[in-house]
Amino acid sequence: MAYFFIALMLVLTCYGQLVIKWRVNHAGALPADLPGQAQYVFALLTSPWVISGLMAAFLASVCWMLALTKLDLSRAYPFTALSFILILLSSALLFNDAITPGKLIGTALIIGGVCV
């Protein structure tokens, strides 16, 4: 069951990051003036999509706590590195982010570290 909670934590974490990036992209550039910045942030924080991303982050934390009831932190924590891989692939697919040789090498190192 602990690994199920870790998997759910990863999915919820990635969902939250991707949704927030999507909405930030949609909102456009951050205004230069302070009142414009406040309005920009307020609009994001009241967006139902951003709220769902923040809720996903909260639920991911709950899943993480539940996983830690069954696993040592030293066993569970390396799995959090899998979010880097999921985000790399998802951001390339959804946002056309470039997958560079450096990112591939970094991803390979992460996979190697999780396996060890």
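Everything below is about the structure shown above.
Just so it is clear, the structure is predicted and the values come from calculations on it, not from any experiment.

### Some words on the overall build of the chain
Logical step 1: Check the secondary structure of the chain and you find 6 helices and 0 strands.
Logical step 2: Counting from the amino terminus, helix and strand elements in the chain follow one another as α-α-α-α-α-α.
Logical step 3: The C-alpha extent of the chain, read off along each of the three principal axes, is 50 × 35 × 20 Å.
Logical step 4: Looking at the chain as a whole, 28% of its 116 residues are labelled buried.
Logical step 5: Contacts in the chain between residues far apart in sequence, at least 24 positions, make up 72% of those at least 6 positions apart.
Logical step 6: A total accessible area of about 7700 Å² is found for the chain, and carbon and sulfur atoms account for 74% of it.

### Things to note about the nonpolar core
Logical step 1: Core analysis: the biggest nonpolar cluster contains 13 residues, and Ile-6, Met-9, Leu-12, Cys-63, Trp-64, Leu-71 and Ala-76 have the highest contact counts within it.
Logical step 2: At the level of elements, α1 (2-27) and α3 (48-68) are the ones that each hand at least two residues to this core.
Logical step 3: Here this core takes 6 residues from α1, the largest share from any one element.

### Some details on α1
Logical step 1: Between its terminal C-alpha atoms α1 stretches 37 Å, which fits the 38 Å expected from 26 residues at 1.5 Å a residue.
Logical step 2: Where α1 is buried, its residues contact α2 (34-45), α3, α4 (73-76) and α5 (82-95).
Logical step 3: A positive phi of about 90 degrees marks Gly-28, the residue just after α1.

### Considerations on the packing of aromatic side chains
Logical step 1: Overall, the coordinates contain 4 aromatic pairs when judged by the stated rule.
Logical step 2: The ring of Trp-22 carries Arg-23 above its face, with NZ or CZ at 4.5 Å from the centroid.

### Topic: the packing of α1 against α3
Logical step 1: Direction vectors running N to C along α1 and α3 enclose 160 degrees, while the axes themselves pass 8 Å from each other. Judged by the inter-axis angle, α1 sits roughly antiparallel to α3. The hand of the α1/α3 crossing is left-handed.
Logical step 2: A breakdown of the residues in the contact of α1 with α3 according to their chemical character gives 20 nonpolar, 4 polar and 1 charged.

Reading the values: the criteria
Residues numbered from 1 in each chain as written. Predicted model: local features only at pLDDT ≥ 70, side-chain atom pairs only at ≥ 80, totals over all residues. Heavy atoms only, no water. Helix = DSSP H or I, 4+ residues; strand = E, 2+ residues; numbered from the N terminus. Buried < 20%, exposed > 50% of the residue type's maximum accessible area, 1.4 Å probe, protein only. Contact = heavy atoms within 4.5 Å. Areas by Shrake-Rupley, 256 points an atom, 1.4 Å probe, with all protein chains shown as cover. Core = buried A, V, L, I, M, F, W, Y, C linked by side-chain atoms within 4.5 Å. Expected span 1.5 Å × (residues − 1). Phe/Tyr/Trp six-rings, centres within 6.5 Å; stacked < 30°, edge-to-face > 60°. Lys NZ or Arg CZ within 6 Å of the ring centre and 35° of its normal. Axes fitted to C-alpha atoms, helices over the stretch in contact; angles between N-to-C directions. Parallel < 35°, antiparallel > 145°, perpendicular 65-115°, else oblique. Left-handed = near helix turned anticlockwise from the far one by under 90°. Nonpolar A, V, L, I, M, F, W, Y, C, P; charged D, E, K, R; others polar.

Any functional reading would require information that these geometric values do not contain.
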